[in-house]
Amino acid sequence: MASKWFVIKRLLLLIPVLIGISTVVFAILHLGGNDPAAVMAGQGASQEQIETIRSELGFDDPIWVQYTRFLSDVSQFDFGESYVLKPGQPVWGSILADKLPVTIELAIYGQLFGVMLGVPLGVLSAIKQNSLTDHITRIGALAGISVPIFWSGPLLIILFANILGVLPASSRIDTQYFIEGPWAFFGHELPLTGLMTIDTLLLGNIDAFVSAVEHLLLPAAVMGIYSMALISRMMRSSMLEVVRQDYIRTARAKGQGQKITMLKHGLKNAFIPVITVIGIQFGTMLGGAVLTETVFGISGLGVILVNAIQAGDYPVVQAAVLVFAMLFTLVNLTVDITYSYLDPRIQQ
Amino acid sequence: MAATNWLETRVRIVGGSLLAGVAIGALGLLVGGVRYDSQTVTTQLFAVGALVFGFGLLGWSGSVLLGRSIETVHRHLDRESDWTEASSRRAMARVAGFGGGIMGAVTVVGLLFGP
């Protein structure tokens, strides 16, 4: 298991990463040259009104004052108020807090799809190297890596929703279900998670759960195809390298069956580079969520980010980018800790 | 003694680029002030400094987090280059110092003479 110091060191390194990201986001938005006060005031506003808004929001303060205020607010998870999408409403409380679970749920199921198909396909491909199964898997992986989300999404919608009619094409759940908290746990009332598949189970509504899963299948598959392809390729090459190691030959020479040798000794060691790919892929998926959410009409963090950029709602853009970055760094921290569990030498 | 050396090395690495950043920042304010209004110059120059500083900080933490793994991968793939974790860390510290210098120069000049 990961040592305490290893985890603490990794957690401490998150601080400069997050300060760096916040600073870059702040810099880019200020280099853009757009005036947030003018955006907020609207097209017909007079110069006097724009100046009033600028003064109220502190945009007339020196830039170093704005920077320190921005860092101080962000460190307290205060991303300010929305200018355009929900004027005057707190960005975190009224916009991002609701949308974040939507994107996280999509990314988790997309990743699950990728891992659950990619790992067995990669192992199978390595065990049956140069067979028909291997060739088919490799062609499939190549196709999966090459197909962009904005093409595979509509294609799957046409096939499964329009032609076959077996899966819904958009939204997160059927309109007949109304999922609202709180839920009771041993007499205590707890808030819902925002993850539709979990919340329906917490509320004990199995029909709604089935509907939520049905609605997630297509977007998760679209997000997971690329990940599955990459993982299966990585798993195959990693497995092929591991099966040539002396310890695998020794295990086989001692009479251990091929299946047990592969699963017990081969898989764990071959997993180390694959976990890196899974970690990095999670970050890519968060980026892919922007496209997937748009194609499937799901209102998550990605759609909000695009809307905020189009509307010039800077606090929302800053907050959304920072939340994406935080998620990415946290996933990478988890990957690091998993590494050290699989191979304790990494801690040194 | 060891602690002094440790600190001295780091101060030398960051200090040199910080001073260079301060010089460039001050020069930028002078040159930019001739053509544009002071508010625009300070904002844009500070933002450029912040961009460089943020990039350096990200690069530095990335080098610390992943540098040794990248070195190992290079060795493992038999593709050894002159790139090392330590050199990358030092370079990124210099970049961050340079950006911080620009930000510092803009702030100090702004505080002394008004934005």
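Below you will find a few notes about this structure.

Conventions and cut-offs
Residues numbered from 1 in each chain as written. Chains lettered and ligands numbered in written order. Predicted model: local features only at pLDDT ≥ 70, side-chain atom pairs only at ≥ 80, totals over all residues. Heavy atoms only, no water. Helix = DSSP H or I, 4+ residues; strand = E, 2+ residues; numbered from the N terminus. Buried < 20%, exposed > 50% of the residue type's maximum accessible area, 1.4 Å probe, protein only. Areas by Shrake-Rupley, 256 points an atom, 1.4 Å probe, with all protein chains shown as cover. Lys, Arg positive; Asp, Glu negative; His and termini not counted. Charge placed at Lys NZ, Arg CZ, Asp CG, Glu CD. Rg over C-alpha atoms; globule rule 2.2 N^0.38 Å. Axes fitted to C-alpha atoms, helices over the stretch in contact; angles between N-to-C directions. Parallel < 35°, antiparallel > 145°, perpendicular 65-115°, else oblique. Left-handed = near helix turned anticlockwise from the far one by under 90°. Contact = heavy atoms within 4.5 Å. Nonpolar A, V, L, I, M, F, W, Y, C, P; charged D, E, K, R; others polar. Salt bridge = Lys/Arg side-chain N within 4 Å of Asp/Glu carboxyl O. Buried area = accessible area lost by both parts, 1.4 Å probe. Polar contact = N/O pair within 3.5 Å; in protein donor to acceptor, adjacent residues only side chain to side chain. Patch = residues over 30% accessible without salt bridge, like charges linked within 9 Å, V, L, I, M, F, W, Y side chains within 5 Å. Core = buried A, V, L, I, M, F, W, Y, C linked by side-chain atoms within 4.5 Å.

Looking at the overall build of chain A
So, step 1. Helix and strand content of chain A: 13 helices and two strands.
So, step 2. In terms of principal-axis extent, the alpha carbons of chain A reach across some 85 × 55 × 50 Å.
So, step 3. For chain A, the proportion of its 348 residues judged to be buried stands at 44%.
So, step 4. Summed over its atoms, the accessible surface of chain A is roughly 17,800 Å², and 64% of this surface lies on carbon and sulfur atoms.
So, step 5. Between the averaged position of the 20 positive side-chain charges in chain A and that of its 24 negative side-chain charges there is a distance of 25 Å.

Quick look at the overall build of chain B
So, step 1. Within chain B, the regular secondary structure consists of three helices and zero strands.
So, step 2. Ordered by position from the N terminus, the helices and strands of chain B form the series α-α-α.
So, step 3. Relative to the compact-globule value of 13 Å for 115 residues, chain B shows a C-alpha radius of gyration of 18 Å, a clear excess of over 25%.
So, step 4. Taken over the C-alpha atoms alone, chain B extends approximately 55 × 35 × 20 Å along its principal axes.

Regarding the packing of helix H1 (residues 4-31) of chain A against helix H4 (residues 63-75) of chain A
Residues and elements named next belong to chain A.
So, step 1. Running from N to C, H1 and H4 cross one another at 140 degrees; their axes reach a closest spacing of 11 Å. The pairing of H1 with H4 is recorded here as oblique in orientation. As H1 packs across H4, the resulting crossing turns out to be right-handed. Mapping the contact onto sequence places Ser 22, Thr 23, Phe 26 and His 30 in H1 and Ile 63, Gln 66, Tyr 67, Phe 70, Leu 71 and Val 74 in H4.
So, step 2. Residues belonging to the contact of H1 with H4 are distributed by class as follows: six nonpolar, four polar and no charged.

A closer look at the pattern of salt bridges
Residue and element names in this part refer to chain A.
So, step 1. Inspection of the entire model under this criterion finds seven salt bridges over all chains.
So, step 2. Between Arg 236 and Asp 134 there is a salt bridge, with the nearest N and O atoms lying 2.8 Å from each other. Remark: Asp 134 occurs in helix H6 (residues 132-146) and Arg 236 occurs in helix H9 (residues 206-242); sequence separation between them is 102 residues. Judged on exposure class, the residue Arg 236 and its partner Asp 134 are both buried.
So, step 3. Between Asp 246 and Arg 249 there is a salt bridge; the shortest N-O distance is 3.0 Å. Pair noted here: Asp 246 and Arg 249 are both in helix H10 (residues 246-253), with a separation of three residues, about one helical turn. Each member of the pair, Asp 246 as well as Arg 249, carries the same accessibility label: exposed.

Focus: the interface of chain A and chain B
Quoted interface sizes are often the accessible area lost when the parts come together.
So, step 1. Counting from both sides, the interface comprises 22 residues of chain A and, opposite them, 26 residues of chain B.
So, step 2. Summing both partners gives a buried area of about 2,000 Å² for chain A against chain B, and 78% of it is carried by carbon and sulfur.
So, step 3. Between chain A and chain B we count zero salt bridges in total.
So, step 4. Applying the counting rule to chain A against chain B returns two residue pairs in polar contact (both at pLDDT 80 or more).
So, step 5. Mapped by element, the contributors of at least two residues to the side of chain A that touches chain B are H1 and H4 of chain A.
So, step 6. Here the element with the most residues in the side of chain A that touches chain B is H1(A); it accounts for 14 residues.
So, step 7. Classifying every residue of the side of chain A that touches chain B gives 14 nonpolar, four polar and four charged.

Examining a nonpolar patch on the surface
Residues and elements named next belong to chain A.
So, step 1. Taken together, the side chains of Trp 5, Ile 8, Leu 12, Ile 15 and Ile 19 present a nonpolar region at the surface, about 510 Å² in accessible area.
So, step 2. You can see Ile 19 is positioned in helix H1.
So, step 3. Owing to a relative accessible area of 32%, Ile 19 belongs among the partly exposed residues under this scheme.

Regarding the nonpolar core
So, step 1. In terms of nonpolar packing, the biggest core is built from 73 residues, with Leu96(A), Phe46(B) and Val106(B) touching the most fellow members.
So, step 2. Among the elements that make up this core, the one with the highest residue count is helix H13 (residues 314-342) of chain A (14 residues).
So, step 3. If we skip the residues at most four places from it in the chain, Leu96(A) touches Val91(A), Leu301(A), Ile304(A), Ala319(A), Ala320(A) and Val323(A).

Considering the side chain of Thr329(A)
All names here are of chain A.
So, step 1. Structurally, the position occupied by Thr 329 is in helix H13.
So, step 2. Take Thr 329: its relative accessible area is 11%, and that puts it in the buried class.
So, step 3. If we skip the residues at most four places from it in the chain, Thr 329 touches Leu 14, Val 17 and Leu 18.

Structural notes on the environment of Leu124(A)
So, step 1. Note that Leu124(A) resides in helix H5 (residues 91-127).
So, step 2. Counting along the chain gives 112 residues from Leu124(A) to Arg236(A), while the straight-line C-alpha distance between them is 7.9 Å.

Observations regarding the environment of Gly15(B)
All names here are of chain B.
So, step 1. Looking at the element boundaries, Gly 15 is found in helix H1 (residues 2-35).
So, step 2. Owing to a relative accessible area of 22%, Gly 15 belongs among the partly exposed residues under this scheme.
So, step 3. Along the backbone, Gly 15 and Val 34 are 19 residues apart, and their C-alpha atoms lie at a distance of 29 Å.

A word on unusual backbone geometry
All names here are of chain A.
So, step 1. Of note in the backbone geometry, Asn 130 takes a positive phi value of approximately 65 degrees without being a glycine.
So, step 2. Tracing the sequence through the fold places Asn 130 in the loop between H5 and H6.
So, step 3. Even without being a glycine, Ser 171 presents a positive backbone phi close to 65 degrees.
So, step 4. Among the structural elements, Ser 171 can be located in the loop between helix H7 (149-163) and strand E1 (183-185).
So, step 5. Taking relative accessible area as the criterion, Ser 171 reaches 29% and is therefore assigned partly exposed.

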